[in-house]
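Per-entry structural report
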Amino acid sequence: MFDIQTDCELIPLSPDNRLAGFDCGDDDLNEFFNIDALKYQEQMLGQTYFFRHKKTGKVVCAFSLSPDSLNTANLPGSRRKKVKENIPREKPLRSYPSYLIGRLGVDSAFSGLGAGSQLLDFIKLHCFDRYRFSCRFLLVDAYNNPEVLNFYLKNEFLTVFSTEEQEREYKKIAAAEPLRTRYYDMINWKNKMSL
């Protein structure tokens with residue numbers, strides 16, 4: 001069975017450790033990881049990491065993380081309640097500390113091996129270990145297609161908005177830019193780690 005943490009090494013992207021030849025089957029993601037990610041880091045907008053297979057040297061998967069927040073102040077009442085359901089009422093905030101998984105991709109050669117779900121579990125563990133007291137949520141703006149949305153749902157990411165129209169209105173984005181913001185409550189990971 002393929003295991004990214006056993007079979008691969010985690011490498012932070014740097015001028016000395018670049019991604020090259022990464023192909024997840026999506027031109028936009030490929031361009032980001034192969035060309036733009038280092039520029040993104042140089043502008044202090046987030047850190048990109050990748051897992052490289054120990055035996056073949058091939059990049060298996062990559063992701064970027066950026067500090068963010070989940071603003072609940074302007075969410076519709078039912079959505080705000082859903083996001084805040086596990087947060088004690090005596091600690092209400094307008095926004096909650098989060099990390100954004102800005103980009104995530106699995107190389108097509110490793111598709112179907114469970115690397116994507118393993119990668120999300122690794123990101124949860126990584127954020128829990130490094131940002132335990134300042135990362136309540138993980139956020140992702142997923143591509144709006146059923147396969148991608150189901151992948152995040154399977155990995156316990158919930159929708160912030162109940163409809164795309166609600167999200168477009170809240171984010172003030174055009175109809176041509178449909179996103180579905182997903183979130184994962186890190187309190188769930190904390191509870192798993194406590195077992």
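Scope of this entry: the structure provided in the associated data block. Everything quoted here is computed from the prediction, not taken from an experiment. (Residues numbered from 1 in each chain as written. Predicted model: local features only at pLDDT ≥ 70, side-chain atom pairs only at ≥ 80, totals over all residues. Heavy atoms only, no water.)

Moving on: the overall build of the protein chain. The secondary structure content of the protein chain amounts to seven helices and seven strands. From first element to last, N terminus to C terminus, the protein chain shows the α and β order α-β-α-β-β-α-β-α-β-α-β-α-β-α. Its C-alpha atoms give the protein chain a radius of gyration of 17 Å, near enough to 16 Å, the size a compact globule of 195 residues would have. Judged by the C-alpha coordinates and their principal axes, the protein chain covers about 50 × 45 × 35 Å. For the protein chain, with 195 residues in total, the buried portion stands at 43%. Here the analysis covers contacts within the protein chain between residues at least 6 apart in sequence; of these, 72% occur between residues at least 24 apart. When the accessible surface of the protein chain is totalled, it reaches about 10,800 Å², and 50% of it is carbon and sulfur. Both charge centroids of the protein chain, one from 27 positive and one from 26 negative side chains, sit 8 Å from each other. (Helix = DSSP H or I, 4+ residues; strand = E, 2+ residues; numbered from the N terminus. Rg over C-alpha atoms; globule rule 2.2 N^0.38 Å. Buried < 20%, exposed > 50% of the residue type's maximum accessible area, 1.4 Å probe, protein only. Contact = heavy atoms within 4.5 Å. Areas by Shrake-Rupley, 256 points an atom, 1.4 Å probe, with all protein chains shown as cover. Lys, Arg positive; Asp, Glu negative; His and termini not counted. Charge placed at Lys NZ, Arg CZ, Asp CG, Glu CD.)

This part covers the nonpolar core. In this structure, Ile4, Ile123, Cys127 and Leu138 are the most contacted members of the largest nonpolar core, which totals 33 residues. For this core, the secondary-structure elements that each account for two or more residues are strand 2 (47–53), strand 3 (59–71), strand 4 (95–106), helix 4 (115–131), strand 5 (137–142), helix 5 (146–154) and helix 7 (186–194). Per element, the largest residue contribution to this core is eight residues, and it comes from helix 4. The next biggest cluster of nonpolar side chains, apart from the first, holds 13 residues, and it includes Cys24, Ala37, Phe50 and Val59. (Core = buried A, V, L, I, M, F, W, Y, C linked by side-chain atoms within 4.5 Å.)

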